[in-house]
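# Chain and residue survey
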Amino acid sequence: MVEFKVEKLKKPKNMLILASILFSMLCAIIISAWSKSYNNVSYGYKHLEKGSYFGFLVAMTVCHLLTKSIILTLKLLDLQEKIPYFDVFNLLFSAVMSGLLALACILGAVAASYKINKIQSEHTIPAGVVFGWFALICLVAETVLSYLDLRKD
C-alpha cells in the first residue's frame with residue numbers, strides 16, 4: 001500500500017521545493033491571467049512588445065512546477081529509494097532548471113521594465129516576474145542543499 005510520509009514535508013529541502021512550486025504557480029498564473037482592455041480590444045502578455053520573454057518565463061515556471069511536483073510526490077510516497085540515481089537526477093535537473101529559470105527571470109525583468117505603449121502592465125506582470133525570482137531563489141537553495149547531501153554520502 002502506498003502512503004504519504006507527511007513528516008518529510010518538514011525537511012528544509014522539501015519545504016524549499018514546496019515554496020518554489022508555490023512561487024512558480026503564482027508567477028505563471030499572474031502573467032498568464034493578466035489582460036488589459038485598450039480601445040475595446042483585450043490584450044494579454046503575448047500582445048506586448050517583448051511578450052515572448054514573458055512566454056518563456058511562463059513556460060519555464062510551468063515546466064519547473066510540474067517536474068518538482070512529481071519529484072516531491074515521489075519523495076512523499078517514499079519511492080526515491082527505489083529509483084536508481086534519483087538524487088543525482090534531481091540535482092542535475094535542478095541545476096539545469098536553475099540556469100533556464102534564471103535566464104527566463106532576467107528576460108522577464110528586462111521585458112517588465114521595458115516601457116513601450118499604453119497597454120503595458122505597470123504592476124501585475126512585474127509582480128509575476130518577482131514571484132519567478134522567488135521560485136529561482138528557492139530552487140537554487142534546494143539545489144545547493146541537494147549537492148551538500150550528496151557530498152555527505
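Summary of the structure given here.

The rules we used
- Residues numbered from 1 in each chain as written.
- Predicted model: local features only at pLDDT ≥ 70, side-chain atom pairs only at ≥ 80, totals over all residues.
- Heavy atoms only, no water.
- Helix = DSSP H or I, 4+ residues; strand = E, 2+ residues; numbered from the N terminus.
- Buried < 20%, exposed > 50% of the residue type's maximum accessible area, 1.4 Å probe, protein only.
- Contact = heavy atoms within 4.5 Å.
- Areas by Shrake-Rupley, 256 points an atom, 1.4 Å probe, with all protein chains shown as cover.
- Lys, Arg positive; Asp, Glu negative; His and termini not counted.
- Charge placed at Lys NZ, Arg CZ, Asp CG, Glu CD.
- Salt bridge = Lys/Arg side-chain N within 4 Å of Asp/Glu carboxyl O.
- Patch = residues over 30% accessible without salt bridge, like charges linked within 9 Å, V, L, I, M, F, W, Y side chains within 5 Å.
- Pairing = 2+ DSSP bridges.
- 1 Å grid on protein atoms, 1.4 Å probe; cavity = no way out; pocket = protein on both sides within 12 Å on 5 of 7 lines; lining within 4 Å.
- Points joined across faces, edges and corners; volume = space filled by probe spheres on them.
- Expected span 1.5 Å × (residues − 1).
- Core = buried A, V, L, I, M, F, W, Y, C linked by side-chain atoms within 4.5 Å.

When you go through the protein residue by residue, the secondary structure sums to four helices and two strands. In terms of principal-axis extent, the alpha carbons of the protein reach across some 60 × 30 × 20 Å. Within the protein, buried positions represent 37% of all 153 residues. Relative to all contacts within the protein whose residues are 6 or more apart in sequence, the contacts with residues 24 or more apart total 80%. Only carbon and sulfur atoms are counted for the fraction: they give 68% of the accessible area of the protein, which is about 8700 Å². Distance between charge centres in the protein, computed from 15 positive and 10 negative side chains, equals 7 Å.

Scanning the entire structure with this criterion turns up three salt bridges. Two residues, Asp 149 and Lys 13, come together in a salt bridge whose shortest N-O distance is 3.0 Å. Here the residue Asp 149 occupies a position in helix H4 (residues 124–152), and Lys 13 occupies one in helix H1 (residues 12–33), the gap between them amounting to 136 residues. The class for Asp 149 is partly exposed, based on a relative accessible area of 30%. When salt bridges with common partners are traced through the structure, they connect Lys 13, Asp 149 and Lys 152 into a single cluster.

Right, let's talk about a nonpolar patch on the surface for a bit. Side chains of Val 140, Val 144, Tyr 147 and Leu 148 sit close together on the surface and give an oily, nonpolar patch of about 340 Å² of accessible area. Mapped onto the elements of the fold, Val 140 is located in helix H4.

Inspection of the sheet shows strand E1 (residues 35–38) paired to strand E2 (residues 41–44) by four bridges, in the antiparallel sense. Following the sheet pairing, Ser 35 is matched in E2 by Gly 44. Connecting E1 to the next strand, E2, in antiparallel fashion are two residues, including Asn 39 with a positive phi near 55 degrees.

Taken as a whole, the largest pocket spans an internal volume of roughly 230 Å³. Taken together, 13 residues make up the lining of the largest pocket; nearest its centre are Lys 13, Lys 75, Gln 80, Asp 87 and Asp 149. Mapped by element, the contributors of at least two residues to the lining of the largest pocket are H1, helix H3 (86–112) and H4. If one sorts the elements of the lining of the largest pocket by residue count, H4 sits on top with three residues.

Let's shift gears to H4. Here H4 spans 43 Å end to end across 29 residues, near enough to the 42 Å set by a 1.5 Å rise per residue. When we look at burial in H4, the residues that qualify are Ile 125, Gly 128, Val 129, Gly 132, Ala 135, Leu 136, Cys 138, Leu 139, Glu 142, Thr 143 and Ser 146. Turning to H4, the residues buried within the fold contact H1, helix H2 (51–76) and H3.

Relative to the assigned elements, Gln 120 resides in the loop between H3 and H4. Along the backbone, Gln 120 and Asp 149 are 29 residues apart, and their C-alpha atoms lie at a distance of 44 Å. Other than its neighbours up to four places away in sequence, Gln 120 contacts Trp 34, Lys 36, Leu 48, Ala 111, Ala 112 and Tyr 114.

Okay, the nonpolar core next. Generally speaking, nonpolar side chains in soluble globular proteins are found buried as a group. With 26 residues, the main nonpolar core has Ile 31, Tyr 45, Phe 54, Leu 57, Leu 101, Ile 125 and Val 129 as its most contacted residues. At the level of elements, H1, H2, H3 and H4 are the ones that each hand at least two residues to this core. At eight residues, H3 tops the list of elements feeding residues into this core. Filtering out sequence-adjacent residues up to four positions away, Ile 31 remains in contact with Tyr 45, Phe 54, Leu 57, Val 58, Ile 125, Gly 128 and Val 129. Residues Ile 17, Leu 65, Leu 72 and Leu 76 belong to the second largest nonpolar core, which totals five residues.

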